[in-house]
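Coordinate analysis (summary)
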Amino acid sequence: MIDVRDVTKRYGDFTAVDSVSLSIDEGEIVGFLGPNGAGKSTLLKMMCTWLPPTSGTITVDGHDVVRDALAVRQRLGYLTEHNALYEGMRVDRLLSFVGRLRGLSRARLSERIDWVVEQCTIGAVVGKRVNQCSKGYRQRIGLAATLLHDPRVILLDEPTHGLDPLQVVAFRNFIRSLSKGRAILFSSHNLAEVASISERLLIINQGRLLEDAPLADLRQRSAAKGQELEDTVLDIVRRSGGSAGVGALGATAGDVGFAADPSGASNDGRSRDP
Amino acid sequence: MTSASTVGPVEGVLVIAGRELGSTIDSKIAYVYTIAFVVLTNSIFMNEFFLTGTVDMTGFFDLMPLLLPVFLPAVTMRQWAEERKQRTIEMLLTMPIRPLHAVLGKYLAALALFGMFLAGSLPIVCMLVALGEPDLGLIASGYLGLLLFGALLLAIGQFFSSLGSDQIVAFVTTAAVGFLFVLSGDDRVVAVLDGLFPGGEIGTHVYEWFSVAPHYEAFVRGVVGLPALAYFGGLSALFLWINAQVLERFRT
């Protein structure tokens with residue numbers, strides 16, 4: 001459903017993504033792991049048609065992201081890294097706006113809004129404005145908008161950011177329940193999170209895809225070496241020449257050296273629980 | 001799971017316009033702009049009306065080219081700059097719509113707000129009808145010229161708003177370009193430019209080819225001609241198209 005062939009993205013002399021190839025099939029949940037600045041978000045932005053690749057091709061559900069961008073957008077649900085939402089809009093109106101732009105009929109829109117409101121547990125805030133919602137609610141509102149049109153391909157960029165531990169567990173179960181008939185790719189810098197949801201792991205650093213392996217294989221490799229999974233992942237990143245980045249990030253339990261995003265690590269102080 | 005559904009171009013434009021207008025009305029900006037515009041234009045007109053004592057709106061239409069480059073950039077300055085600043089542009093432009101449809105939706109919303117501004121001057125027309133027998137054809141033609149000039153400024157304003165995330169820069173550049181279009185038609189400016197390059201008639205050429213003045217003044221005189229319609233329509237369409245191109249390309 002997602003096919004990436006030799007894709008490179010350059011900004012002047014800087015190569016953000018370097019000759020990456022991968023494919024994700026229907027029914028797969030794939031975790032995309034890498035430190036901040038590794039190229040995860042750039043690759044997702046190319047998959048969702050926001051950025052064109054400098055070279056290489058990406059197809060989503062058989063449609064090229066450059067030549068057939070509208071068809072790709074129709075089939076894709078994309079939760080952006082910053083989950084930017086229209087702050088002054090009421091949540092129900094935001095969902096209605098997104099659904100109408102997605103071409104949903106009135107009846108279908110009503111049915112889908114009911115579904116996402118229930119599944120994303122945002123019933124308590126549907127009548128409130130986005131800027132009155134807490135970070136956790138905002139993340140779930142973003143997820144609801146992403147899933148509203150029942151997409152076949154789902155891209156989630158740091159989807160659990162801002163969720164509390166209970167919400168993260170609920171999110172994992174929810175994402176697993178969605179996998180049938182869909183391809184789901186989600187990025188994170190947190191190995192524990194990726195390992196708990198996905199069956200397959202992509203590890204990227206400095207724009208290069210370092211590893212594309214089933215999680216079970218990585219666990220076997222770790223066991224064979226008598227080390228933890230996170231050590232195996234760190235070894236892979238270090239071997240790529242990314243040790244400076246890893247060292248600077250520092251290895252912490254549960255975060256395996258991929259430090260929390262400093263730009264979004266804390267609540268901005270304006271949000272509050274409704 | 002659903003098959004991929006599509007939104008038609010017209011519906012896409014209307015959905016964007018509805019959100020944009022709703023957002024403007026929610027933010028109370030529409031009320032402030034409309035009240036300020038109506039109070040200012042009506043009071044200036046009444047002053048002129050009592051001085052001349054004629055039942056026509058020529059004074060009103062003569063005044064508007066100097067007011068619109070101040071008021072309309074304030075309507076458009078936030079349209080794309082805010083989307084960029086809040087990063088909602090990424091969500092909007094990864095929806096299955098073309099950037100041109102998003103541009104047209106925002107443009108339609110701005111036109112609707114401008115229509116509210118103009119509707120605020122209708123009491124002047126009612127008063128003139130009550131007091132005498134104004135030439136309603138001339139008034140209608142003047143309003144059409146005003147609408148077309150405003151539509152051009154809104155297209156220019158939205159274009160400058162798409163160039164960055166700073167609303168103030170968008171406001172100032174749009175107002176500056178708007179005044180260039182207006183002042184290049186002023187007799188004194190034309191004379192100065194002609195005088196700077198004797199024989200070149202730069203001022204006259206600028207007046208004829210660039211300025212809104214000859215086209216707008218034709219409407220105020222009651223002449224609805226194809227060249228004026230083509231001038232306003234063509235320039236507005238050009239700025240809207242460039243705007244869409246900017247949105248297509250700035251991501252690279």
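Quick note: structure is the one above.
The text that follows walks through the structure, step by step, so that each part is easy to find. (Residues numbered from 1 in each chain as written. Chains lettered and ligands numbered in written order. Predicted model: local features only at pLDDT ≥ 70, side-chain atom pairs only at ≥ 80, totals over all residues.)

In this section: the sheet that holds strand S9 (residues 200-205) of chain A. All names here are of chain A. The six strands are arranged S6-S7-S8-S3-S9-S10 in an open sheet whose pairing can be described as mixed. For this open sheet the edge positions go to strand S6 (76-79) and strand S10 (208-214), each flanked by a neighbour on one side alone. Across the sheet, the axes of successive neighbouring strands diverge by a mean angle of 15°, strand direction being ignored. Note that S9 and S10 share six bridges and pair antiparallel. Among the inter-strand pairings, Ile204 is bridged to a residue of S10, identified as Leu209. (Pairing = 2+ DSSP bridges. Helix = DSSP H or I, 4+ residues; strand = E, 2+ residues; numbered from the N terminus. Axes fitted to C-alpha atoms, helices over the stretch in contact; angles between N-to-C directions.)

The next thing to look at is the nonpolar core. With 141 residues, the main nonpolar core has Met47(A), Leu94(A), Ala144(A) and Leu155(A) as its most contacted residues. With 12 residues, helix H8 (residues 136-161) of chain B is the largest single contributor of residues to this core. Beyond its immediate chain neighbours, meaning those up to four positions away, Ala144(A) contacts Leu95(A), Val116(A), Val117(A), Cys120(A) and Ile122(A). (Core = buried A, V, L, I, M, F, W, Y, C linked by C-beta atoms within 7 Å. Buried ≥ 20, exposed ≤ 12 C-beta atoms within 10 Å, placed from the backbone. Contact = placed C-beta atoms within 7 Å.)

The description of two helices packed together rests on the angle between their axes and the distance between the axes. Residue and element names in this part refer to chain A. At their nearest, the axes of helix H3 (residues 91-101) and helix H4 (residues 106-119) sit 10 Å apart, and the two run at 130° to each other. The angle between H3 and H4 places the two elements in the oblique class. The handedness of the crossing between H3 and H4 is right-handed. When H3 is examined against H4, the residues Leu95, Ser96, Gly99 and Arg100 are found in contact with a partner set consisting of Leu109, Arg112, Ile113 and Val116. Considering only residue class, the contact of H3 with H4 consists of four nonpolar, two polar and two charged. (Parallel < 35°, antiparallel > 145°, perpendicular 65-115°, else oblique. Left-handed = near helix turned anticlockwise from the far one by under 90°. Nonpolar A, V, L, I, M, F, W, Y, C, P; charged D, E, K, R; others polar.)

The next thing to look at is the interface of chain B and chain A. Facing 23 residues of chain B, the contacting portion of chain A comprises 28 residues. Contributing elements (two or more residues each) for the side of chain B that touches chain A: helix H1 (9-26) and helix H5 (88-92) of chain B. Here the side of chain B that touches chain A gets five residues from one element, more than from any other, and that element is H1(B). Per-class residue counts for the side of chain B that touches chain A are eight nonpolar, 10 polar and five charged.

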